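Architecture and fold: a report
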Amino acid sequence: MKSLEIRQKFFEYFKNHGHEVVPSSSLIPAQDPTLLFANAGMNQFKDVFLGKEKRSYPRATSIQKCMRAGGKHNDLDNVGFTKRHLTFFEMMGNFSFGDYFKKEAIQFAWDFLTKEMGLPVEKLHVSVFTTDDQSYDLWHNMIGLPKEKIHRLGASENFWQMGDTGPCGPCTEIHLDHGDHLGCGKKTCDPACDCDRFLEIWNLVFMQFDRQPDGTDKPLKQTGVDTGMGLERLCAAVQNCDSVFETDIFTEIIQNIELLSGVNYKKSNSEKKAAFHVLADHIRASSLLISDGCAPSNEGRGYVLRKVIRRAALFTQKLSYKNFFPDLVRIVVQQIGNIYPELKTNEKLIVKVLQSEVEKFSVNLLRGQNILAKFFQLNKASNIITGPQAFKLYDTYGFPLELTILMAQENNFTVDVDNFKKEMETQKKQSGKKELAVEKVQLAKSLVTEFTGYKTLGTTATITAIICDKKVQGQAKAGQTCWIITDKSPFYISSGGQEGDLGWVLFGETKTKVLRLKKFDDARGIQIKLPINIKTNETVTLAVDSKHRADITKNHTATHMLQSALMNLFGKHIKQSGSLVDENHLRFDFTYHENLSPQQIKQVENLVNEKIMENIPLHTEITTHKKATNRGVIAFFGDKYNPDSVRVVEIPGFSAELCGGTHTQRTGDIGCFKIVEVSALSAGHRRIIAVTGPKALELFQQGFNDIKTLGQQFKVQKEEVVPAVEKQAEQLKILQKQIKTLKSQEWKTKLPQWQQEVTTINNIPFLFLPLEDFANDDMRQISKQLMQKKPGLYFLISKTNDKSIFICSLDKQFANRVNLKEFSTLLKEKYNLRGGGNQTSLQGGGPVFDPSLQIFITQWLNKQPA
């Protein structure tokens, strides 16, 4: 049975048993900072289990894209070397939200595996939590499993919890017994053993408790079922494969690797087979991450993606000198592009990103390998790569720690990970990165704020709670800075890339400025400095800064129009990957594999402004997520939507998106639109910055005035300004070339004189040479000529307008006597001349040098050891 048929049978089975088939969410978790990536089927149902969200269905089923290559769940280092570990996998699951519980969940799982999948009953074992007698009895009495095939295991194996507190409960797992010939051979071997005898297939989690801060468990008012089964593992069991890499999910990819590398998989040794496995897994992982909007970077999710790609680049070298990893994208798209259409839409982007990343890393890979080889030689006695050495490879050559560990292991070395982490912490402190403290306050669930800001900019509201010093209280005194919660609020709180509102709170005639806005679950908080004493249940007036809001709405609506224009002009595969909307400008990040030409930028501007001039009324409505997406409304991967209630913002005939932000009434309210900058963030990711309304008008007026002024200066018409400036620039280039030639002739003429002026200080030939309007290149040439004539220390400094540049050269024979690093620090402290270099060379600049500089250097040189 092929994987596609297994997938179809799974959905059909649970659909026939009353489950709603729910599509996989993005690998990028929606508004969940606790997760790097979706790593379980229940991620998209987390708020349902927590009671924060309700769905129109009580039971659901899904096959969820999952990634375990970072954070708490990280299988990256194991991939390639075991038969089961993967970074990307698909988790099949069924879920109950207060509907059925243990009895039905166990029956569903058993019937699906034995009747639909045909797994042999005699090879199936189950495990239950030590004290879960109910599950034990169901397996024994209802299913009929003999007691020797039901294993009671502890909390580490068979108890699940969402966090230190909150929903938790026992779980039961179904395992396939491969037979004692594959295991450790011990009579005591059971599903808890790490050997390869038992393959865990399905985990059924029963949420029945609410763990308290003191560690006690209270029964939940509403129980839940959350199950998870890896599609790849199920395929291995059904297809009778010893390894997931032998299933049809991977065989076609492995065959393509054989064609591209010229290496036969079956005839390969274990090291090369591991390379096949790594590439087969990593091409799926990286392709799906990129298609879901993840981009390689040096932080967070982007860094995990970068590590995966670089690990693949390293293992590609074990099979071929050719960079064929990006060529594997095609086969992934062919295999699962119909299941995940975003792969087809973004195929060119995926290839472009992988090519760029691998090419950039290939240079550093070679350098890093050479450096690592030197470390191996240096550290023969200890067989340890030190923390600072591993950090240098990471910081200078982009070597993820995992790659250094892998290459060290191949050479029988270990890596000092603890000291590597210390180096990382030191760098973070030096870079000044600070995390803002998050204010956490538990409010009653009954406290809900109605948002009125779509319809009005002013609202009379009642104070329902006051928060001071992270404590909820009924009153507060004048002068205190605190949060007030109101039953209604017109203030938009920063979300979805849109900046929050500004405004005021009025207590009768007394007015105070809004300091911050924040969501407390379903309540909205307003931080203010109190002008008077207040109590709950008092009435206040909330007023939004209308100009600030108007400018933001112009930019937000224009962002939707920009997205639509890009898609209409250059393809539906273009996807938003980030945005920022404030009162001054809009910033739009998107996926596209090519740079935009000036002509294409003009096309975008023309289309957006054309729609602005049509003055189209905007239309908003509340509908279901399914109805919205079925009619082509844009929904973004990584954004979280309530399936039963989403807000559609539509510019009829041009744009329709799911959006909770504030917008103009008509497109004409925007006034005009102008792109001011287009840049590349990384391979396949672009950024547009644009302005609208008053800011765009200011830009046009400034541009007109600048052209007018230049026309008057050059005495030409406005349409002749650009040719006139280009002509002047060309003339300037010619003059600069002439000046450079004259300067070169000048110093060559003066060189013999300067060579005569070289003195000896502390047995070191020395010359302090002040110059004017000399460039770095000329100064280097002068220093080189002086050094060739008489090796010593030469300090050249050139004044240009109100600045100086300097070069200090020291012959290596004096490097053990003269400390240029110390000298550089002194120059900075005493003369504000900043530079850098090495033991024999410094280069830098600063303000016009003080005449005392020569005396200072002479005195300093005299103090150096003989």
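Residues numbered from 1 in each chain as written. Predicted model: local features only at pLDDT ≥ 70, side-chain atom pairs only at ≥ 80, totals over all residues. Heavy atoms only, no water.

Mapped onto the fold, Ile805 is located in strand β36 (residues 803-810). By relative accessible area, Ile805 is classed as partly exposed at 26%. Sequence-wise, Ile805 and Gly844 are 39 residues apart; in three dimensions their C-alpha atoms are separated by 5.8 Å. (Helix = DSSP H or I, 4+ residues; strand = E, 2+ residues; numbered from the N terminus. Buried < 20%, exposed > 50% of the residue type's maximum accessible area, 1.4 Å probe, protein only.)

This next bit is on the nonpolar core. Side chains of nonpolar character tend, in soluble globular proteins, to be buried together. Core analysis: the biggest nonpolar cluster contains 134 residues, and Trp139, Trp202 and Leu234 have the highest contact counts within it. Top element by residues in this core is helix α12 (residues 347-378). It accounts for 11 residues. Not counting residues up to four positions away in its chain, the partners in contact with Trp202 are Phe10, Phe14, Asn94, Ala109, Phe112, Leu113, Thr172, Glu173, Ile174, Thr227, Gly228 and Met229. Formed by 38 residues, the second largest nonpolar core is a distinct cluster that contains Met561, Leu566, Phe590 and Ile612. (Core = buried A, V, L, I, M, F, W, Y, C linked by side-chain atoms within 4.5 Å. Contact = heavy atoms within 4.5 Å.)

Looking now at the packing of helix α9 (residues 300-316) against helix α14 (residues 401-410). Orientation of α9 relative to α14, taken along the N-to-C sense of each, is 30°, at an axis distance of 9 Å. Looking at the two axes, α9 sits roughly parallel to α14. Residues Tyr303, Lys307, Arg310, Arg311, Leu314 and Phe315 of α9 touch α14, and the partners they reach there are Leu401, Glu402, Leu403, Leu406 and Met407. Within the contact of α9 with α14, the residues separate by chemical class into 7 nonpolar, no polar and 4 charged. (Axes fitted to C-alpha atoms, helices over the stretch in contact; angles between N-to-C directions. Parallel < 35°, antiparallel > 145°, perpendicular 65-115°, else oblique. Nonpolar A, V, L, I, M, F, W, Y, C, P; charged D, E, K, R; others polar.)

For the rest of this paragraph, the subject is the pairing of strand β11 (residues 217-230). By the bridge criterion, 5 bridges tie strand β5 (residues 88-97) to β11 in an arrangement that is antiparallel. Across the sheet, the residue bridging to Phe97 is Gly224, located in β11. Relative to β11, strand β10 (residues 198-211) runs antiparallel, the two sharing 9 bridges. What sits directly across from Trp202, in β11, is Met229. (Pairing = 2+ DSSP bridges.)

The next thing to look at is the pattern of salt bridges. Taken as a whole, this structure holds 27 salt bridges when the rule is applied. As a salt-bridge pair, Arg284 and Glu232 come within 3.0 Å of each other at their nearest N and O atoms. Of this pair, Arg284 sits in helix α8 (residues 270-291) while Glu232 sits in helix α6 (residues 231-238), and the two are 52 residues apart along the sequence. A relative accessible area of 2% places Arg284 in the buried class. Residue class for Glu232 comes out buried when judged on its relative accessible area of 2%. Overlapping salt bridges, with partners in common, bring together Lys65, Asp292 and Glu342 in one network. (Salt bridge = Lys/Arg side-chain N within 4 Å of Asp/Glu carboxyl O.)

Before going further, it helps to spend a moment on the sheet that holds strand β29 (residues 646-651). With respect to topology, 3 strands assemble into an open sheet ordered β28-β29-β30, the strand pairing being antiparallel. Two strands in the sheet have a free side with no partner beyond their single neighbour: β28 (619-623) and β30 (655-658). In this sheet, neighbouring strand axes are inclined to one another by 20° on average, regardless of whether the strands run parallel or antiparallel. Strand direction decides the pairing type here: β28 and β29, joined by 5 bridges, are antiparallel. The residue of β29 that forms the bridge with Glu621 is Val648.

Between its first and last C-alpha atoms helix α3 (residues 102-116) spans 20 Å; for 15 residues at 1.5 Å apiece the expected length is 21 Å, and the two agree. Taken as a whole, α3 has its buried residues at Lys102, Ala105, Ile106, Phe108, Ala109, Trp110, Asp111, Phe112, Leu113 and Thr114. Phi for Gly118, located one or two positions after α3, is positive at around 70°. (Expected span 1.5 Å × (residues − 1).)

Turning next to the packing of aromatic side chains. Summed over all chains, the structure comprises 38 aromatic pairs. Look at Phe10 and Phe11: their rings are 6.1 Å apart centre to centre, the planes differ by 55°, and that puts the pair in the tilted class. Note on Phe10: relative accessible area 0%, which makes it buried. Taking the centre distance of 5.1 Å and the plane angle of 70° together, the rings of Tyr265 and Phe276 count as edge-to-face. Note that Tyr265 is positioned in the loop between α7 (248-261) and α8 and Phe276 in helix α8, a separation of 11 residues in sequence. Using a relative accessible area of 14% as the deciding quantity, one classes Tyr265 as buried. Here a set of aromatic residues connected by ring pairs shows up, and it is made of Phe10, Phe11, Tyr13, Phe14, Tyr100, Phe108, Phe112 and Trp202. Its guanidinium or amino end placed over the ring of Phe315, Lys318 lies 5.6 Å from that ring's centre, counting from NZ or CZ. (Phe/Tyr/Trp six-rings, centres within 6.5 Å; stacked < 30°, edge-to-face > 60°. Lys NZ or Arg CZ within 6 Å of the ring centre and 35° of its normal.)

Next up on the list: the pairing of β29. The two faces of a sheet get side chains in turn, since along a regular strand they alternate between them. Across the 6 residues that make up β29, a large majority, 6, are buried. Note: β29 against β30, 4 bridges, orientation antiparallel. The residue bridging Val648 from the neighbouring strand is Leu658, located in β30. Here β29 folds back onto β30 in antiparallel fashion, the turn holding 3 residues, of which Gly653 has a positive phi close to 80°.

Time to look at unusual backbone geometry. A positive phi angle is found at Asn615, which is not glycine, with a value near 50°. Relative to the helices and strands, Asn615 is located in the loop between α17 (598-613) and β28. Residues other than glycine seldom take positive phi values, yet Asn763 does so here, at roughly 65°. Note on placement: Asn763 falls in the loop between β33 (759-761) and β34 (764-772). Taking relative accessible area as the criterion, Asn763 reaches 60% and is therefore assigned exposed.

Here we have 6 strands laid out as an open sheet, ordered β33-β34-β35-β36-β38-β37, and mixed in their pairing. Two strands close off the open sheet at either side, each with one partner strand: β33 and β37 (834-837). On average, each strand axis in the sheet is inclined to that of its neighbour by 20°, with strand direction left out of account. Sheet topology places β34 next to strand β35 (residues 793-800); 7 bridges connect them, and they run parallel. When the bridges of β35 are listed, Glu772 appears paired with Lys799. Its contacts with the sheet place helix α20 (residues 721-757) against β33 and β34, and it is angled at close to 145° to β34. Packing against the sheet, helix α23 (residues 853-862) makes contact with β33, β34 and β35, and its axis sits at approximately 165° to β34.

Our next topic: the confidence of the model for the protein chain. When pLDDT is averaged across the protein chain, the result is 91; 97% of the residues are at 70 or more. The model gives residues 433-438 a pLDDT under 50, and that stretch makes 2 contacts with residues more than four places away or in other chains. (pLDDT = per-residue confidence, 0-100.)

Another point: α9. Given 3.6 residues to a turn, an α-helix orients residues that are three or four positions apart in the same direction. Its 17 residues place the ends of α9 25 Å apart at the C-alpha level, agreeing with the 24 Å of an ideal helix rising 1.5 Å per residue. The element α9 is largely enclosed, with a buried count of 15 among its 17 residues.

What follows deals with the environment of Lys46. The residue Lys46 is located in helix α2 (residues 46-49) in this model. Residues Lys46 and Gln864, 818 residues apart in the sequence, show an inter-C-alpha distance of 68 Å.

Another point: the state of the cysteines. Evaluation of the coordinates by the stated rule reveals 0 disulfides. No disulfide involves Cys193; its sulfur sits 3.6 Å from the nearest other cysteine sulfur, which is in Cys195. With no disulfide of its own, Cys468 lies 3.6 Å from the sulfur of Cys482, the closest cysteine sulfur. Overall, the relative accessible area of 2% leaves Cys468 in the buried class. (Disulfide = S-S within 2.5 Å.)

For the rest of this paragraph, the subject is the environment of Asn595. Mapped onto the elements of the fold, Asn595 is located in the loop between β27 (586-591) and α17. Judged by relative accessible area, Asn595 falls into the exposed class, the value being 56%. Spatially, the C-alpha atom of Asn595 lies 35 Å from that of His277, the residues being 318 residues apart in sequence. Not counting residues up to four positions away in its chain, the partners in contact with Asn595 are Gln600, Ala680 and Arg686. At a separation of 2.8 Å, a polar atom in the side chain of Asn595 contacts the side chain of Arg686. (Polar contact = N/O pair within 3.5 Å; in protein donor to acceptor, adjacent residues only side chain to side chain.)

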